[in-house]
Amino acid sequence: PVAADGLLTNLASQLNDRLFPPEDYINDGVDLETKSLNIIQISEMRAREIKRRLAREHGYGADELSRMLDKKDLINTLSYEEHKVYQQEISKRKW
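Residues numbered from 1 in each chain as written. Predicted model: local features only at pLDDT ≥ 70, side-chain atom pairs only at ≥ 80, totals over all residues. Heavy atoms only, no water.

A. Region of interest: the overall build of the protein. Counting secondary structure elements, the protein contains six helices and zero strands. Taken from the N to the C terminus, the helices and strands of the protein come in the order α-α-α-α-α-α. A buried classification covers 26% of the 95 residues belonging to the protein. Restricting to contacts in the protein with at least 6 residues of sequence separation, those with at least 24 account for 55%. (Helix = DSSP H or I, 4+ residues; strand = E, 2+ residues; numbered from the N terminus. Buried < 20%, exposed > 50% of the residue type's maximum accessible area, 1.4 Å probe, protein only. Contact = heavy atoms within 4.5 Å.)

Next comes the structure, spelled out in structure tokens:
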């Protein structure tokens with residue numbers, strides 16, 4: 001018989017690696033300024049930190065940021081932008 005807790009732990013670990021790739025894959029050879037964040041790291045940030053990162057790293061203007069009133073909108077937007085950065089890094093490494 002297979003222990004259910006071991007199976008669930010293994011499944012959770014595999015799922016976590018797929019959803020949030022290890023730092024080695026994302027940030028290998030990338031300076032700290034362009035480090036891409038995962039959804040958990042973004043969710044733990046304060047709204048003002050998310051706005052600051054969107055403005056500085058991704059070029060969002062004050063008017064765009066002022067329209068995002070809910071922290072969920074900010075998290076989703078930053079997550080999308082960070083995912084785009086991650087995808088660009090992956091495509092650069094493929095070539």
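Right, picking up where we left off after that structure.
B. Region of interest: the pattern of salt bridges. Summed over the entire model, instances satisfying the criterion amount to four salt bridges. In this structure, Arg67 and Asp63 form a salt bridge, with 3.5 Å as the shortest nitrogen-oxygen distance. Of this pair, Arg67 and Asp63 both sit in helix H5 (residues 62-67), four residues apart, which is roughly one turn of the helix. Residue Arg67 is classed as exposed on the basis of its relative accessible area of 62%. Overall, the relative accessible area of 47% leaves Asp63 in the partly exposed class. (Salt bridge = Lys/Arg side-chain N within 4 Å of Asp/Glu carboxyl O.)

C. View of helix H4 (residues 47-58). End to end, H4 covers 16 Å across 12 residues, agreeing with the expected 16 Å (1.5 Å per residue, within 8%). Residues of H4 that are buried make contact with helix H3 (39-43), H5 and helix H6 (71-94). Backbone geometry just downstream of H4 places Gly59 in the positive-phi region, at approximately 75°. (Expected span 1.5 Å × (residues − 1).)

D. Molecular detail of the environment of Glu81. With respect to the helices and strands, the residue Glu81 is situated in helix H6. Considered as a pair, Glu81 and Leu54 are 27 residues apart in the sequence and their alpha carbons are 8.1 Å apart. Beyond its immediate sequence surroundings of up to four residues, Glu81 is in contact with Leu54, His58 and Tyr60.

E. Representation of a positive patch on the surface in the model. Residues Arg46, Arg48, Arg52, Arg56 and Lys71 make up a contiguous surface patch of positive charge. At three residues, the largest contribution of residues to the positive patch is made by H4. Along the polypeptide, Arg48 turns up in helix H4. Take Arg48: its relative accessible area is 52%, and that puts it in the exposed class. (Patch = residues over 30% accessible without salt bridge, like charges linked within 9 Å, V, L, I, M, F, W, Y side chains within 5 Å. Areas by Shrake-Rupley, 256 points an atom, 1.4 Å probe, with all protein chains shown as cover. Lys, Arg positive; Asp, Glu negative; His and termini not counted. Charge placed at Lys NZ, Arg CZ, Asp CG, Glu CD.)

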